[in-house]
Amino acid sequence: MGCWAAEKRADRARPIVLVAAAALVDSDGRVLLAQRPEGKSMAGLWEFPGGKVEAGETPEQALVRELKEELGIDTRSSCLAPIAFASHSYDDFHLLMPLFACRIWEGNVTALEGQKFAWVRPMRLRDYDMPPADEPLVALLRDLL
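- In the annotation of an unreviewed UniProt entry, the chain is listed under the name 8-oxo-dGTP diphosphatase and assigned to Kiloniella antarctica.
- Quoted verbatim from the Sequence similarities (unreviewed entry) field of the UniProt record, the comment on the chain reads "Belongs to the Nudix hydrolase family."
- We quote the UniProt Cofactor (unreviewed entry) comment for the chain here in full: "Mg(2+)".

Right under this line is the structure:
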């Protein structure tokens, strides 16, 4: 019983960070991955695009905003289908990340923040090094797509 109590105390000490992410799926069934740029934590790892949910936002609103800011594309909350979520403890925080599938958007994906992109077939997602929170979502995406 002692290890459970220690784990619960450790989890309570970390703030929970809510981040919304998108599995953008193109007409060829490929998923967009973005590489984290130098200077950010976990630089060089590949992730699903998205970002932090700000105070007063729903995850869907945050994702619509982030996709516009990072990729220059427009979508609507109604075009986002929740498919999974990740819950992962990092050293300094606990990440809670809903993942939404999105197949409909307007505009061309553009690297507005200088990040690299890759359109990846679902069966090849494991070929990309990803943050620990993203990794469990790969098998689910392979099965869904």
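## A look at the side chain of E66
And then number 1: On the secondary structure map, E66 appears in helix 2 (residues 59–71).
And then number 2: With near-sequence residues (within four places) excluded, E66 lies in contact with G50, G51, K52 and L71.

## Quick notes on unusual backbone geometry
Most peptide bonds take the trans configuration, and most residues that are not glycine carry a negative phi.
And then number 1: The backbone phi angle of M42 is positive, close to 60°, even though this residue is not glycine.
And then number 2: Residue position: M42 is located in the loop between strand 2 (31–35) and strand 3 (46–47).
And then number 3: Of the residues examined, M42 reaches a relative accessible area of 29% and is grouped as partly exposed.

## Points about the sheet that holds strand 7 (residues 117–120)
And then number 1: Taken in spatial order, the three strands make up an open sheet running 3-2-7, and their pairing is antiparallel. Pairing within the sheet leaves two strands with one partner each, and these edge strands are strand 3 and strand 7.
And then number 2: Relative to strand 3, strand 2 runs antiparallel, the two sharing two bridges. Bridging across to strand 3, A34 finds its partner in E47.

## Looking at the pattern of salt bridges
As a working rule, side chains carrying opposite charge can pair if their charged atoms are close by.
And then number 1: In the structure shown here, the tally under the stated rule is nine salt bridges.
And then number 2: Residue K68 is joined to D74 by a salt bridge in which the shortest nitrogen-to-oxygen separation is 3.4 Å.
And then number 3: With relative accessibility at 41%, the residue K68 sits in the partly exposed group.

## Side note on the layout of surface pockets
And then number 1: Roughly 680 Å³ of internal volume is contained in the largest pocket.
And then number 2: Lining the largest pocket are 28 residues, with V19, R36, E47, G50 and G51 sitting closest to its centre.
And then number 3: Partitioning the lining of the largest pocket into residue classes produces 14 nonpolar, five polar and nine charged.

## A few points about the packing of aromatic side chains
And then number 1: Per the counting criterion, the structure on display carries three aromatic pairs.
And then number 2: Arranged with centres 5.3 Å apart and planes meeting at 80°, the rings of W46 and Y128 form a pair that is edge-to-face. One end of the pair, W46, is in strand 3; the other, Y128, is in the loop between strand 7 and helix 3 (135–144), with 82 residues separating them in the sequence.
And then number 3: Taken together, a centroid distance of 5.1 Å and an interplanar angle of 35° make the contact between Y90 and F93 tilted.
And then number 4: The partly exposed category is assigned to F93, whose relative accessible area is 24%.

## Let's talk about a nonpolar patch on the surface
And then number 1: Residues I16, F85 and L96 make up a contiguous nonpolar surface patch of about 330 Å² in total accessible area.
And then number 2: Position of F85 relative to the elements: it lies in strand 5 (residues 80–89).

Thresholds, definitions, all that
- Residues numbered from 1 in each chain as written.
- Predicted model: local features only at pLDDT ≥ 70, side-chain atom pairs only at ≥ 80, totals over all residues.
- Heavy atoms only, no water.
- UniProt positions renumbered as here; feature names shortened; annotations may be inferred.
- Helix = DSSP H or I, 4+ residues; strand = E, 2+ residues; numbered from the N terminus.
- Contact = heavy atoms within 4.5 Å.
- Buried < 20%, exposed > 50% of the residue type's maximum accessible area, 1.4 Å probe, protein only.
- Pairing = 2+ DSSP bridges.
- Salt bridge = Lys/Arg side-chain N within 4 Å of Asp/Glu carboxyl O.
- 1 Å grid on protein atoms, 1.4 Å probe; cavity = no way out; pocket = protein on both sides within 12 Å on 5 of 7 lines; lining within 4 Å.
- Points joined across faces, edges and corners; volume = space filled by probe spheres on them.
- Nonpolar A, V, L, I, M, F, W, Y, C, P; charged D, E, K, R; others polar.
- Phe/Tyr/Trp six-rings, centres within 6.5 Å; stacked < 30°, edge-to-face > 60°.
- Patch = residues over 30% accessible without salt bridge, like charges linked within 9 Å, V, L, I, M, F, W, Y side chains within 5 Å.
- Areas by Shrake-Rupley, 256 points an atom, 1.4 Å probe, with all protein chains shown as cover.

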